[in-house]
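This is what each chain is made of:
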Amino acid sequence: MSDDFLPIQAIDHVELYCGNAKQAAHFYQTGFGFAPVAGSGLETGNRRAASYVLAQGDIRLVLTAALGPDDPIARHVQLHGDGVAVIALRVPDAAAAYRATTPRGATGAIPPTEVADDHGRLRFAAIRAYGDTLIKFVDRAGYRGPFAPGYEARGDSEPAGVGLAAIDHLVGNVELGAMNRWVAFFAQTMGFSQLVHFDDADITTEYSALMSKVMQDGTGRVKFPINEPAEGKRKSQIQEYLDYYHGPGVQHIACATDDIIHAVSQLRDNGIEFLRVPAAYYDELAARVGPLPQPVEALADLGILVDRDEEGYLLQIFTRPVGDRPTLFFEIIERRGSRGFGKGNFRALFEAIEREQARRGNL
Ligand code: FE2
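Residues numbered from 1 in each chain as written. Predicted model: local features only at pLDDT ≥ 70, side-chain atom pairs only at ≥ 80, totals over all residues. Heavy atoms only, no water.

1. Side note on the coordination of the iron ion
Inclusion rule: Donors, by definition, are the N, O and S atoms found within 2.8 Å of a metal, the threshold being 3.2 Å for Na, K and Ca, and water is not counted, so a site can look incomplete. Segments assigned H or I by DSSP are reported as helices when at least four residues long, segments assigned E as strands when at least two residues long, and all are numbered from the N terminus. Think of it in three bands: with a 1.4 Å probe and only protein chains considered, a residue is buried below 20% of the maximum accessible area for its type, exposed above 50%, and partly exposed in between.
Within the protein, the atoms that donate to the iron ion are His169 (NE2), His252 (NE2) and Glu331 (OE), at distances of 2.0 to 2.1 Å. The sequence motif formed by the donor residues of the iron ion is H-x82-H-x78-E. Of this pair, His169 sits in strand E10 (residues 164-173) while His252 is found in strand E14 (residues 249-257), placing the two residues 83 residues apart along the sequence. Accessibility assignment for this pair places His169 and His252 in one class, buried.

Written out as structure tokens, the structure is:
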């Protein structure tokens with residue numbers, strides 16, 4: 001797009017700040033099938049934090065924990081629990097991305113910076129997004145190392161993984177009344193456009209409600225839905241997140257796969273917990289979405305949800321929160337033409353979420 005002042009090549013990585021990054025890395029390896037790629041810590045001369053870089057398909061997760069109590073990473077974890085601290089976008093020119101976004105209203109977090117080692121130069125900069133979340137611009141065209149200067153290669157075998165291929169979208173939860181401010185931020189500051197809008201008519205169940213707008217970059221590769229709580233009879237699932245995350249932040253990371261039945265079978269065998277909808281959902285499925293190549297019994301057995309629109313269909317499933325707090329979770333999604341987000345599943349899904357909220361005493 002000629003007016004794309006912020007060209008984005010890909011989501012480079014997502015960094016989670018954790019209480020114990022070593023154990024979190026084990027969870028994402030054995031549970032989600034990620035492979036270790038690189039690491040940083042005392043052994044590499046990093047006196048401040050330990051970081052584990054894991055990869056699967058085009059997805060890269062960085063898990064970082066502070067080595068002392070007075071570090072901003074430690075304070076992030078104390079306030080928010082384990083959660084996404086950095087959304088890193090690969091760009092052709094990190095300094096240009098910083099110079100393009102800051103005059104348009106972004107608050108700078110890391111000015112343009114260059115670090116180098118024997119593998120070359122890595123350039124980056126960062127701006128502030130919702131809550132304490134940073135958006136980092138990374139230019140790694142001049143870098144050939146395993147991840148970044150200060151990191152050593154780790155892991156020599158290529159584990160099979162479960163077939164997670166890429167990050168499909170990253171959802172942010174913001175406070176009541178703040179959604180449109182963040183929609184404007186992504187539009188004006190980053191040049192994103194609005195893909196879809198769900199209001200409380202779409203997303204109201206008996207008790208809890210939310211509103212959502214989906215922002216995407218000029219290529220359509222990077223999609224950031226923004227949710228805010230809506231008034232319902234009881235506490236919105238978004239408000240529950242905000243209460244336990246102590247502010248806005250990333251609600252879920254959606255991972256795309258080409259074979260959701262295979263992926264979810266493996267994830268379940270690995271001990272990953274998913275939300276379940278009632279069996280009646282599958283009785284009505286064929287009437288709602290028409291014939292599917294996947295056997296309905298297999299979808300029902302795994303709890304995979306299906307939605308169809310004019311462009312095609314999608315299959316999706318949501319994990320339970322991956323930590324102790326009811327905050328961050330994952331979505332697994334297989335798209336067969338549909339570019340939607342599963343609007344037809346909202347009611348069944350949100351009723352499932354409300355049952356979980358009730359179990360937590362938060363409905
Ligand atoms: Fe999603």
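After presenting the structure, the write-up continues.
2. Digging into unusual backbone geometry
Positive phi, close to 60°, is recorded for His246, a residue that is not glycine. Looking at where His246 falls in the secondary structure, it is placed in the loop between helix H5 (237-245) and E14.

3. Considerations on the nonpolar core
For clarity, the threshold we go by: Nonpolar core, defined: a set of buried Ala, Val, Leu, Ile, Met, Phe, Trp, Tyr and Cys residues in which side-chain atoms within 4.5 Å join the residues together.
By size, the foremost hydrophobic cluster in this structure holds 96 residues, and its most contacted members are Tyr28, Leu89, Phe137, Phe186, Met190, Ile253 and Ile332. Sort the elements by how many residues they give to this core and helix H10 (residues 346-359) lands first, with 6 residues.

4. Remarks on the pattern of salt bridges
Side-chain pairs of opposite charge can arise where the charged atoms are in close proximity. Note the threshold: Within this document, salt bridges are pairs made up of a side-chain nitrogen of Lys or Arg and a carboxyl oxygen of Asp or Glu, the two lying within 4 Å of each other.
A full pass over the atoms with the stated rule returns 17 salt bridges. Among the salt bridges present, the one from Arg320 reaches Glu273, with a minimum N-O distance of 3.9 Å. Here Arg320, found in the loop between strand E16 (312-318) and strand E17 (329-336), pairs with Glu273, found in the loop between helix H6 (260-269) and helix H7 (280-283); they are 47 residues apart in sequence, far enough to count as distant. For Arg336, the salt bridge is made with Glu334, and the minimal N-O distance between the two is 2.8 Å. Each of the salt bridges in this network shares a partner with another, and the network as a whole consists of Asp12, Arg60, Arg90 and Arg140.

5. Thoughts on the pairing of E17
Heads up, the rule is: DSSP calls a pair of strands paired once it identifies at least 2 bridges connecting them.
Within E17, 6 of the 8 residues are buried, which leaves it mostly tucked inside the rest of the structure. The pairing of E14 with E17 spans 5 bridges and is classified as parallel. Bridge pairing in E17 places Ala256 opposite Ile333. Relative to E17, E16 runs antiparallel, the two sharing 5 bridges. Opposite Gln316, over in E17, you have Ile333 as the bridge partner.

6. Here's the deal with the sheet that holds strand E7 (residues 120-128)
Definition in use: We call two residues contacting when some pair of their heavy atoms lies within 4.5 Å. Lines are fitted to the C-alpha atoms to define the axes, a helix being fitted only along its stretch in contact, and any angle between axes, read from their N-to-C directions, falls within 0 to 180 degrees.
An order of E6-E7-E8-E5-E1-E4-E3-E2-E9 is seen for the 9 strands of this open sheet, with the pairing classed as mixed. In the strand order of this sheet, the two ends are held by strand E6 (108-117) and strand E9 (152-153), each with one partner. Bridge analysis of strand E3 (residues 49-56) against strand E4 (residues 59-66) gives 8 bridges, and the strand direction is antiparallel. Within E4, the position partnered with Val53 by the bridge is Val62. Along the sheet, helix H2 (residues 72-80) makes contact with strand E1 (10-17), E3, E4 and strand E5 (83-90), crossing E4 at roughly 100°. This element, helix H3 (residues 94-101), spans E6, E7 and strand E8 (134-139) of the sheet and lies at about 15° to E7.

Any functional reading would require information that these geometric values do not contain.
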